[in-house]
Amino acid sequence: MAKRGGRALRAVLVGIAAALLGLPFAAGAGAARLSLSGKALPGMAGAGLLVLAMYALSGLQGALMTAGVAVALVAASRAGMPPVRAAACAAAAAMAGALLGLFEGPGILALTAKDLEQVLSQYPEALFPSALRNEVATLLVYLSPGTGAVQMTAGAAVATAFYRAIGGPGLEAREEIRLGLLPAWIVIAALVVLLLPALQGDLPERLTANVLVFMTAPYFAVGASVAGALFRTGPAMVFPALFVAIIAPPAAMAAIVLAGVLDTWLDFRKRIRSRSERPPL
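Residues numbered from 1 in each chain as written. Predicted model: local features only at pLDDT ≥ 70, side-chain atom pairs only at ≥ 80, totals over all residues. Heavy atoms only, no water.

*Asks:* I would appreciate a short explanation of the overall build of the chain in the present structure.
*Replies:* A tally of regular secondary structure across the chain gives 12 helices and 0 strands. Seen in sequence order, the chain has helices and strands lined up from the N terminus as α-α-α-α-α-α-α-α-α-α-α-α. Relative to its full complement of 281 residues, the chain shows a buried share of 34%. With an accessible surface of roughly 16400 Å², the chain has 72% of that area assigned to carbon and sulfur atoms. (Helix = DSSP H or I, 4+ residues; strand = E, 2+ residues; numbered from the N terminus. Buried < 20%, exposed > 50% of the residue type's maximum accessible area, 1.4 Å probe, protein only. Areas by Shrake-Rupley, 256 points an atom, 1.4 Å probe, with all protein chains shown as cover.)

*Asks:* Honestly, the pattern of salt bridges in this entry has me stumped. Any pointers?
*Replies:* In a structure, side chains of opposite charge can pair up when their charged atoms sit close to one another. All chains considered together, the criterion is met by 1 salt bridge. A salt bridge links Arg-269 to Asp-263; its shortest N-O distance comes to 2.8 Å. Here Arg-269 and Asp-263 have matching classes, each one buried. (Salt bridge = Lys/Arg side-chain N within 4 Å of Asp/Glu carboxyl O.)

*Asks:* It is not clear to me how helix α7 (residues 144-165) should be interpreted in this structure. Could you clarify?
*Replies:* An α-helical turn contains 3.6 residues, so a residue and the one three or four places further along point in the same direction. Taking 1.5 Å of rise per residue, the 22 residues of α7 would be expected to cover 32 Å, and the 31 Å separating its terminal C-alpha atoms lies within 8% of that figure. Following α7 by one or two positions, Gly-167 has its phi on the positive side, about 90°. (Expected span 1.5 Å × (residues − 1).)

*Asks:* Even after reading the chapter, I still don't get the nonpolar core, so can you show me in this structure?
*Replies:* Counting residues in hydrophobic clusters, the biggest one holds 30 residues, and the most contacted among them are Phe-25, Val-69, Leu-73, Met-152 and Tyr-163. Among the elements of the structure, α1 (2-21), α2 (23-35), α3 (40-79), α4 (83-101) and α7 are those that each provide at least two residues to this core. Among the elements that take part in this core, α3 stands out by supplying 8 residues, more than any other. Apart from the residues within four sequence positions on either side, Phe-25 is in contact with Ala-18, Met-65, Val-69, Ala-94, Gln-151, Met-152, Gly-155, Ala-156 and Ala-159. (Core = buried A, V, L, I, M, F, W, Y, C linked by side-chain atoms within 4.5 Å. Contact = heavy atoms within 4.5 Å.)

*Asks:* Help me out: how do you make sense of the packing of α4 against α7 in this one?
*Replies:* Where α4 meets α7, the closest approach of the two axes is 8 Å, and the angle between their N-to-C directions is 130°. Considering the angle they form, α4 stands oblique to α7. Note on packing geometry: the crossing formed by α4 with α7 is right-handed. Side by side, α4 and α7 meet where Pro-83, Ala-86, Ala-87, Ala-90, Ala-91, Ala-94, Met-95 and Ala-98 of the first sit next to Ala-149, Met-152, Thr-153, Ala-156, Ala-157, Thr-160 and Arg-164 of the second. For the contact of α4 with α7, the per-class residue count stands at 12 nonpolar, 2 polar and 1 charged. (Axes fitted to C-alpha atoms, helices over the stretch in contact; angles between N-to-C directions. Parallel < 35°, antiparallel > 145°, perpendicular 65-115°, else oblique. Left-handed = near helix turned anticlockwise from the far one by under 90°. Nonpolar A, V, L, I, M, F, W, Y, C, P; charged D, E, K, R; others polar.)

*Asks:* Would you mind going over the side chain of Ser-77 with me for this structure?
*Replies:* In this fold, Ser-77 is placed in helix α3. You can call Ser-77 buried: its relative accessible area is 13%. Contacts of Ser-77, omitting those with residues within four sequence positions, involve Leu-36, Tyr-163, Pro-169, Gly-170 and Leu-171.

*Asks:* Can you help me understand the packing of helix α9 (residues 202-231) against helix α11 (residues 249-266) in this one?
*Replies:* Packed helix pairs are characterised by how far apart their axes lie and by the angle those axes make with each other. Two numbers describe how α9 lies on α11: the axes approach to 7 Å, and their chain directions differ by 90°. Looking at the two axes, α9 sits roughly perpendicular to α11. Residues Thr-216, Tyr-219, Phe-220, Val-222, Gly-223, Ala-224 and Val-226 of α9 pack against Met-253, Ile-256, Val-257, Ala-259, Gly-260, Val-261, Asp-263 and Thr-264 of α11. Taken together, the residues that form the contact of α9 with α11 break down as 10 nonpolar, 4 polar and 1 charged.

Remember that the coordinates give geometry; whether it matters functionally is a separate question.
Set out below in structure tokens:
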């Protein structure tokens, strides 16, 4: 009974996290679970109702993202993919839905100052002065494609976890997060564009900045996996890391992202495992 209650609590917490990142992620996971419930007609009807509900709440973009996440998770489950690959497929499908939804109007990939003004204006002037509010809004609009892609990547990962938490079949195999050389070369090329004056300009700089913002998401995930492998070697590493994260969060995040980038060549997790498995002298 206690184990069942723990699973239920985990499903609720993960579902809340998915909804906070965007209702289409939670709804997409739910639609995928209904589609694979074992009762074809009621399950598909329930999934269709969820997509229609998201259309009523969030418009065309929300409905397309919900459908994309659901289709990706169903396909990944039938193909027996591990959760990491399933989340990547769900993120790609969500981005495709968001891009198609731009035909109806701006959304998660194209924030406007008007959209942000409605959110930022809720903060009191004493805590969030209007001058600072305008600067933040301008920066968020400038980086909106990149930050939107980061949100969808995180949302797809949590939606995959929610799908598994509510009993979604498949996706049982485990796999380490590894990005390979191509994403690393994309980051290097983006940095070259920023550093070379001949390649600079409003459009190239904005595209490059958004690419770099987006690439922090997968590399943060890899870096977090490296940190987890390091922490498992002994509790002594946890407390210094927490101290740095509390007093200097930007430095801690930068260190995690850098570890993710360097892991492409240095394979930190393999080195950590080999050191921990080495017999004592």
